[in-house]
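Fold and geometry: a report
So the chains spell out like this:
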There are 2 protein chains.
Amino acid sequence: MGKIYVVGMGPGKEKYMTFEAKEALDNSDIIIGYTVYVDLLREKYKDKELLTTGMRQEVDRCELCLSKAKDGKTVSLVCSGDAGVYGMASLMLQIARNDQDIEIEVVAGVTAALSGGAVLGAPLGHDFCVISLSNLLTPWELIEKRLKSAAVGDFCIAIYNPSSKSRPDHLKKACEILAEDIESTRPCGIVRNIGREEQSFTVCTLGELSEIETDMFTTVFIGNSKSEIINERLVTPRGYVEHEK
Amino acid sequence: MGKIYVVGMGPGKEKYMTFEAKEALDNSDIIIGYTVYVDLLREKYKDKELLTTGMRQEVDRCELCLSKAKDGKTVSLVCSGDAGVYGMASLMLQIARNDQDIEIEVVAGVTAALSGGAVLGAPLGHDFCVISLSNLLTPWELIEKRLKSAAVGDFCIAIYNPSSKSRPDHLKKACEILAEDIESTRPCGIVRNIGREEQSFTVCTLGELSEIETDMFTTVFIGNSKSEIINERLVTPRGYVEHEK
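Residues numbered from 1 in each chain as written. Chains lettered and ligands numbered in written order. Predicted model: local features only at pLDDT ≥ 70, side-chain atom pairs only at ≥ 80, totals over all residues. Heavy atoms only, no water.

1. Some remarks on empty space enclosed by the protein
To keep things clear, this is the line we draw: The distinction between a cavity and a pocket rests on a 1 Å grid over the protein atoms alone: a 1.4 Å probe fits inside a cavity but cannot get out, while a pocket stays open yet meets protein on both sides within 12 Å along at least five of seven lines, and a residue with an atom within 4 Å of a point counts as lining. Grid points are joined across faces, edges and corners, and a volume is the space filled by probe spheres set on the points. Here a helix means four or more residues in a row that DSSP labels H or I, a strand means two or more in a row labelled E, and each is numbered from the N terminus. In this classification, Asp, Glu, Lys and Arg are treated as charged, Ala, Val, Leu, Ile, Met, Phe, Trp, Tyr, Cys and Pro as nonpolar, and every other residue, Gly included, as polar.
This structure, assessed with the given rule, holds three cavities of 30 Å³ or more. In this model, the largest cavity occupies a volume close to 70 Å³. For the largest cavity, the lining is made up of 14 residues, of which Asp82 and Gly84 of chain A together with Leu114, Gly117 and Ala118 of chain B are closest to its centre. Going through the elements one at a time, α5 (112-120) and β6 (121-122) of chain B are the ones with two or more residues in the lining of the largest cavity. Here the lining of the largest cavity gets four residues from one element, more than from any other, and that element is α5 of chain B. When its residues are assigned to classes, the lining of the largest cavity shows ten nonpolar, three polar and one charged. As a volume, the second largest cavity reaches approximately 40 Å³. The wall of the second largest cavity is formed by Ala113, Leu114, Gly117, Ala118, Gly121 and Leu124 of chain A together with Asp82, Gly84, Val85 and Val106 of chain B. Among the elements that line the lining of the second largest cavity, the one with the most residues is helix α5 (residues 112-120) of chain A, at four residues.

2. Considering the nonpolar core
A general tendency of soluble globular proteins is for nonpolar side chains to be buried together. In plain terms, the rule: As used in this record, nonpolar core signifies buried Ala, Val, Leu, Ile, Met, Phe, Trp, Tyr and Cys residues forming a set joined through side-chain atoms within 4.5 Å. Only protein chains enter the accessibility calculation, which uses a 1.4 Å probe; a residue whose area is less than 20% of its type maximum is buried, one above 50% is exposed, and one in between is partly exposed. Pairs of residues are marked as contacts when any of their non-hydrogen atoms sit within 4.5 Å.
Ranked by size, the top nonpolar core spans 92 residues in total, and within it Ile4, Val6 and Met92 of chain A together with Ile4, Val6 and Met92 of chain B carry the most contacts. Other than its neighbours up to four places away in sequence, Val6 of chain A contacts Leu77, Cys79, Ala83, Met88, Ala89, Met92, Ile104, Glu105, Val106 and Val107 of chain A. Core analysis: the second largest hydrophobic core is formed by 48 residues, Cys129 and Ile177 of chain A together with Ile131 and Leu178 of chain B among them.

3. Section: α5 of chain B
Residues and elements named next belong to chain B. With nine of nine residues buried, α5 lies mostly within the body of the structure. Along α5, the residues classified as buried are Ala112, Ala113, Leu114, Ser115, Gly116, Gly117, Ala118, Val119 and Leu120. Looking one or two places after α5, you find Gly121, whose phi comes out positive at around 130°.

4. Concerning the side chain of Ser132 of chain B
To keep things clear, this is the line we draw: Any N or O atom pair separated by 3.5 Å or less is treated as a polar contact, with the protein-specific requirement of one donor-capable and one acceptor-capable atom, and with residues adjacent in sequence counted only for side-chain atom pairs.
For Ser132 of chain B, the position within the fold is in strand β7 (residues 128-132). Judged by its relative accessible area of 7%, Ser132 of chain B is buried. Engagement of the side chain of Ser132 of chain B in a polar contact is seen with the backbone nitrogen of Ser134 of chain B, the distance being 3.1 Å. Excluding residues that lie within four positions of it along the chain, Ser132 of chain B makes contacts with Asp127 of chain A together with Tyr86, Ile143, Tyr160 and Asn161 of chain B.

5. Brief notes about the side chain of Ser76 of chain A
Residue and element names in this part refer to chain A. One can find Ser76 in strand β4 (residues 74-79). Judged by relative accessible area, Ser76 falls into the buried class, the value being 0%. Reaching out from Ser76, the side chain makes a polar contact with the side chain of Ser28 at a distance of 2.7 Å.

6. Concerning the packing of aromatic side chains
All names here are of chain A. Convention followed: Each Phe, Tyr or Trp ring (for Trp, its six-membered ring) is paired with any other whose centre lies within 6.5 Å, and the angle between the two planes then decides the class: stacked below 30 degrees, edge-to-face above 60, tilted in between.
The tally for this structure, following the rule as stated, stands at six aromatic pairs over all chains. Aromatic pair Tyr86 and Tyr160: ring centres 5.3 Å apart, planes at 55°, arrangement tilted. Here Tyr86, found in the loop between β4 and α4 (89-95), pairs with Tyr160, found in strand β8 (residues 156-160); they are 74 residues apart in sequence, far enough to count as distant. Since its relative accessible area comes to 22%, Tyr86 is described here as partly exposed.

7. Things to note about unusual backbone geometry
Positive phi, close to 50°, is recorded for Asn231 of chain A, a residue that is not glycine. Exposure remark for Asn231 of chain A: the relative accessible area of 36% places this residue in the partly exposed category.

8. Structural notes on the packing of helix α6 (residues 140-152) of chain A against helix α7 (residues 170-178) of chain A
Residues and elements named next belong to chain A. Under the convention used in this document: Working convention: axes come from line fits to C-alpha atoms, limited for helices to the stretch in contact. Angles between N-to-C directions cover 0 to 180 degrees. Roughly parallel means an angle under 35 degrees; roughly antiparallel means over 145; roughly perpendicular covers 65 to 115; every other angle is labelled oblique. Whether a crossing is left-handed or right-handed is set by the direction in which the near helix is turned from the far one by less than a right angle, anticlockwise for left-handed and clockwise for right-handed.
One can describe the packing of α6 onto α7 by two numbers: an axis separation of 9 Å at closest approach and a directional angle of 45°. Comparing their axes, α7 and α6 come out oblique. The two elements α6 and α7 meet at a crossing, and its hand is right-handed. Of the residues in α7, those touching α6 at Trp140, Glu144, Leu147, Lys148 and Ala151 are His170, Lys173, Ala174, Ile177 and Leu178. Tallied by class, the residues present in the contact of α6 with α7 amount to six nonpolar, one polar and three charged.

9. Regarding the packing of α6 of chain A against helix α6 (residues 140-152) of chain B
In the contact formed by α6 of chain A and α6 of chain B, the axes pass within 9 Å of each other and the chain directions differ by 180°. If you check the angle between α6 of chain A and α6 of chain B, you find them roughly antiparallel. Along its contact with α6 of chain A, which presents Lys145, Ser149 and Val152 of chain A, the element α6 of chain B presents Lys145, Ser149 and Val152 of chain B. Of the residues belonging to the contact of α6 of chain A with α6 of chain B, the class tally is two nonpolar, two polar and two charged.

10. Describing the interface of chain B and chain A
Here is the rule we go by: Once two parts are joined, some of their accessible surface, as seen by a 1.4 Å probe, is lost; buried area is that loss totalled over both. When a carboxyl oxygen of Asp or Glu is within 4 Å of a side-chain nitrogen of Lys or Arg, the pair counts as a salt bridge.
Listed per partner, the contact involves 71 residues of chain B and 70 residues of chain A. Between chain B and chain A, roughly 6,400 Å² of surface is buried when both sides are summed, and carbon and sulfur atoms account for 61% of that area. The interface formed by chain B and chain A holds eight salt bridges in total. Glu58 of chain B is the partner of Arg238 of chain A in a salt bridge, and the nearest nitrogen-oxygen pair spans 4.0 Å. Counting the contacts that link chain B with chain A gives 34 residue pairs in polar contact (both at pLDDT 80 or more).

11. Some thoughts on the pattern of salt bridges
Taken as a whole, this structure holds 36 salt bridges over all chains when the rule is applied. Measuring nitrogen to oxygen at the nearest pair gives 3.7 Å for the salt bridge that ties Arg146 of chain B to Asp154 of chain A. With Arg146 of chain B in helix α6 and Asp154 of chain A in the loop between α6 and β8, the pair connects residues from two separate chains. Like Asp154 of chain A, Arg146 of chain B is buried.

12. As for the sheet that holds β4 of chain A
Residue and element names in this part refer to chain A. Test applied: Should DSSP find at least two bridges between two strands, the strands are taken to pair.
Taken together, the five strands give an open sheet; going across it, the order is β3-β2-β4-β1-β5, and neighbouring strands pair in parallel fashion. Bordering the open sheet on either side are β3 (49-53) and β5 (103-107), each of which pairs with just one other strand. Taking the axes of each pair of neighbouring strands and ignoring which way they run, one obtains an average angle of 20° across the sheet. Inspection of the sheet shows strand β1 (residues 3-8) paired to β4 by six bridges, in the parallel sense.

Given below as structure tokens:
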């Protein structure tokens, strides 16, 4: 019987992968994923079978992995960022629920909250939430409730999928909800194209954030009540006790 | 002028580091950190200067990095997990706030929410919170408020520092707060000693969780209202829309 690795590749380039992720790819007969991510591996793994499925073909992708594993192959299903956070690990485990003889190993990777956080400084230095504004699979009312809860709980917040062509105003709407509980001067930041050549970042206030244009390649960060901008970086202290000065 | 890397090493062994983290260590003249983490690197980097400070000596550690960087050295300040999430990146940026000529580069790593999540399956497949139960630097009332907010928002939750010798009952208290909004049968899980030889994991219900003994090397996961146990793994679906069956 074969084996399936679900591999988090981090934000893009090979240098952001873990050694464990590379080991899983090296050990695999077949690498399967969304076209864009598999293309990143094409040069390095030209001797392996590389299979791609398009965007939103996630169920097909997992079924393809399962079918290849049943044929005795070792398969890596690759995801950007982490394998679990909005990744393919949960769907793969669901689809293979009746195939307990297929081993599924999840290989963690650096999700955008962490890779983008590092670019910005240290926005997630204390308790934090990660919230996606994509309402493809989640009712918008629930997203609103989570934004509200995150603001009330004084969490640092990392926002994924802040907007897209089909929903250009999601971040603006999210900022309006957050602004019910968070002052407009709250330090925030955005990172675009994490880990790519065009990577860039900006710090701003919550008030300014709602006017910033973002896309699917932008990750947004909202500080907590103790966050500050230090030398153009967004920094959230590790604690609320002022012991460190 | 020198440079400081703040490097997230992931959960322990070298295989869980990113290539970027290893590159930072390779490029450094000096590696500085808490004794336990630096000891992991002693064999590999015997030609470098390795300096350690004890637990809770975080300010001293950052000041040591700054002083070495001012002497023109390239320094890696190492942290377990990620560099930003309850890590040293924010304190380092604070302490160097008046030294803008010292470059500080934060190198992300795999935090326990992700590495532990991979061991358990995919507990963080949708919006999630990370909350530490350590009240060393955070008032307990704020921790309670965050737990409450996370439960009300139907987030998946990763809990760090669930208990320690000096506060053995924190996880039990946290479960009582969560139980005000979450049913006692909610799927949960714990992972012990992530990335070490003794690594182990268990799935359970919220009701059972409050009776489980944990320590500083345990990470706890609470599913959201859609999470389920599949073949002894904790799985949170990527969405609320049942399109995937």
